[in-house]
Amino acid sequence: MTYTHVIVEADGGSRGNPGPAAYGALVRDPATGEVIAQDGKTLGIATNNVAEYSGLIAGLELAAEYAPEASIEVRMDSKLVIEQMAGRWKIKHPDMKPLATKAQSLAPFGTEWTWVPRAQNSAADALANNALDGIPIPIKPEPVTAKVVVPKEPSDLQKALQGWGAQVDPPTQLIFLRHGETPYTAEKRFSGSTGENPGLSDTGRSQAAAAAEYLALQGGVDAIVTSPLLRTRQTAEVVATRLGLELTVDDGWVECSFGDWDGHTFAEVQQKWPDQLSAWLETTTVAPPGGESFDTCARRARSARDGLLTRYPGKTVVVVTHVTPIKLMVRSVLQAPMASIFRMELRPATLTEIHWYADGLASLRSFNVVP
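Read on for an overview of the structure.

### Considering the overall build of the protein chain
The helix and strand tally for the protein chain stands at 12 helices and 11 strands. Projected onto its principal axes, the C-alpha positions of the protein chain cover 70 × 50 × 45 Å. Burial status across the protein chain gives 50% buried among its 371 residues. A separation threshold of at least 6 residues defines the contact pool for the protein chain, and within that pool the share at least 24 residues apart is 71%. In the form shown here, the protein chain has an accessible surface area of approximately 17700 Å², with 53% of it arising from carbon and sulfur atoms.

### As for helix H8 (residues 230–243)
Taking 1.5 Å per residue as the helical rise, H8 with its 14 residues ought to reach 20 Å, and the 20 Å between its terminal C-alpha atoms agrees with that figure. Against strand S6 (172–178), helix H7 (202–218), strand S7 (223–226), strand S8 (247–249) and strand S9 (316–321) lie the buried residues of H8. Positive phi shows up at Gly244, right after H8, with a value of about 70 degrees.

### Quick look at the packing of aromatic side chains
Here the structure, examined in full by the defined rule, presents nine aromatic pairs. Each ring, one from Phe190 and one from Trp280, has its centre 5.9 Å from the other, and the planes form 70 degrees; the classification is edge-to-face. Within this pair, whereas Phe190 is found in the loop between helix H6 (183–186) and H7, its partner Trp280 is found in helix H10 (residues 274–282), the two being separated by 90 residues in sequence. Look at Trp280 and you get buried, because its relative accessible area is 5%. Between Phe294 and Phe342, the ring centres sit 5.7 Å apart and the planes meet at 70 degrees, which makes this aromatic pair edge-to-face. Placement of Phe294 in helix H11 (residues 294–311) and of Phe342 in the loop between helix H12 (323–334) and strand S10 (351–356) is noted, with a sequence separation of 48 residues between them. For Phe294, a relative accessible area of 6% corresponds to the buried category. An aromatic cluster of at least three residues, connected via ring pairs, comprises Phe190, Phe258, Trp261, Trp280, Phe294 and Phe342.

### Some thoughts on the pattern of salt bridges
Scanning the entire structure with this criterion turns up 16 salt bridges. In this structure, Lys102 engages Glu61 in a salt bridge whose closest nitrogen and oxygen atoms are separated by 3.8 Å. Taken together, the residues span a long stretch of sequence, with Lys102 in helix H3 (residues 96–106) and Glu61 in helix H1 (residues 48–66) at a distance of 41 residues. Classification of Lys102 by relative accessible area gives partly exposed; the value is 42%. Residue Arg300 pairs with Glu292 through a salt bridge whose shortest N-O separation is 3.0 Å. Here the two residues Arg300 and Glu292 agree in accessibility, since each one is buried.

### Some words on the sheet that holds S6
Strand order in the open sheet formed by six strands is S8-S7-S9-S6-S10-S11, with mixed pairing between adjacent strands. One side of each edge strand has no neighbouring strand; the edge strands of this open sheet are S8 and strand S11 (362–369). Pairwise comparison of adjacent strand axes, ignoring direction, gives a mean angle of 20 degrees for this sheet. Judged from the six bridges that link them, S6 and S9 form a sheet pairing that is parallel.

### Here we look at the sheet that holds strand S1 (residues 5–14)
Strand order in the open sheet formed by five strands is S3-S2-S1-S4-S5, and the pairing between neighbours is mixed. Of all the strands in the sheet, the pair left with one neighbour each is strand S3 (35–46) and strand S5 (112–115). Across the sheet, the mean angle from the axis of one strand to that of its neighbour is 20 degrees, orientation sign disregarded. Alignment of strand S4 (residues 71–76) against S5, held across four bridges, turns out to be parallel. Within the sheet, the bridge partner assigned to Met76 lies in S5 and is Trp115. With respect to the sheet, H1 is in contact with S1, strand S2 (19–28), S3, S4 and S5, its orientation differing from that of S2 by roughly 30 degrees. Packing against the sheet, helix H4 (residues 122–132) makes contact with S1, S2 and S3, and its axis sits at approximately 140 degrees to S2.

### Quick look at the side chain of Asp11
Assignment of secondary structure puts Asp11 in strand S1. Comment: no salt bridge for buried Asp11; closest opposite-charge side chain is Arg118, at 4.2 Å.

### Things to note about the pairing of S4
The buried fraction of S4 is high, at six of six residues. A two-sided burial pattern is seen for S4, the buried positions comprising Ser71, Glu73 and Arg75 on one face and Ile72, Val74 and Met76 on the other. Relative to S4, S1 runs parallel, the two being bridged by five bridges. Looking across to S4, one finds that Val8 is bridged to Val74.

### Section: H3
Among all positions in H3, only Met96, Leu99, Ala100 and Ala103 are buried. Down the axis, H3 shows its buried residues gathered within 95 degrees of arc, on one side only. Turned more than 90 degrees away from the buried face of H3, the exposed residues are Pro98, Thr101 and Ser105. Those residues of H3 that are buried are in contact with H1 and helix H2 (79–85).

### Looking at the nonpolar core
Val6, Tyr53, Leu56, Val74 and Met85 are the most contacted members of the largest nonpolar core, which totals 34 residues. Mapped onto this core, the elements with two or more residues apiece are S1, S2, S3, H1, S4, H2 and H3. Those residues within four positions of Met85 in sequence are excluded, and the remaining contacts are Tyr53, Leu56, Ala100, Ala103, Gln104 and Trp113. Of all hydrophobic cores here, the second largest spans 20 residues; its members include Leu308, Val323, Met329 and Val330.

Rules used in this analysis
Residues numbered from 1 in each chain as written. Predicted model: local features only at pLDDT ≥ 70, side-chain atom pairs only at ≥ 80, totals over all residues. Heavy atoms only, no water. Helix = DSSP H or I, 4+ residues; strand = E, 2+ residues; numbered from the N terminus. Buried < 20%, exposed > 50% of the residue type's maximum accessible area, 1.4 Å probe, protein only. Contact = heavy atoms within 4.5 Å. Areas by Shrake-Rupley, 256 points an atom, 1.4 Å probe, with all protein chains shown as cover. Expected span 1.5 Å × (residues − 1). Phe/Tyr/Trp six-rings, centres within 6.5 Å; stacked < 30°, edge-to-face > 60°. Salt bridge = Lys/Arg side-chain N within 4 Å of Asp/Glu carboxyl O. Pairing = 2+ DSSP bridges. Axes fitted to C-alpha atoms, helices over the stretch in contact; angles between N-to-C directions. Lys, Arg positive; Asp, Glu negative; His and termini not counted. Arc of directions from axis to C-beta. Core = buried A, V, L, I, M, F, W, Y, C linked by side-chain atoms within 4.5 Å.

Right under this line is the structure:
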């Protein structure tokens, strides 16, 4: 069976820290809850952190073997491992660096890193304990019909209603700025993260300056983050200079890759790749030839957003990015179907503001504002 997306659950533990250690890992089909493959082994004498990283590596190796074409979400109850792998925490201990490097080499681009409470990682924990107790662990477990256990939380309606009341903590305010116009923008060509890397046109530079002036008048910006592509870097540099702030580059905010279609107009793609275009328009799980699906881009952007919420709680951050990541953020806040991104239009150098609160509420404050 071919899987398009799987969940890796991993854990590790040491009875003594350091002491006799083992790890447990499994790969799960999120659609059915079925465990596709699992593993658990002893490590001799090791620390908890070494055991946890070993479990992560084992889980990623299982995913590569049993679901090689799938995108991955990793779920662990180790805050340390998740934050380090997501790039939000530095890896200081020398024993962890080679393990983290190996795990990073196994994780496909766009892997999502999710911390879960210990109770939601019980399957991997049980595998680790079974290994320590000498209980055999079959790689392919007996089929189960149980669904993945998810945390019970307020419904979307309950969260939305909370927004009518007073919030205790200030929200993290993300102001998304689409880059200014490029020659590709003016000609309505696909312009993703592959192929040529066009810079701003004269019109685009004027638009960037207008956006910078608008943000300066609004005030209160704490940080500026940008996609690494030339058009976003050039737009962000104008804003950073006007606001007197340093610029941080984050690969997570890069545009979706359109692969072989980059540089072509819609009409050209329709003529050269009619079947692939039809499939792409039918579902966001399909990628252009040599490119990236919108679903994959959404997971990457969500991880980048989570990184900002962790690094800048209660702050105001300008994120200079591209049309697709911005539309995906708006869609997620509105809980709209993925197909809704085809019904949104964003002009160059426009601003979209979203507030995220500590209780999980997110609210769309503005969309496609022309400075």
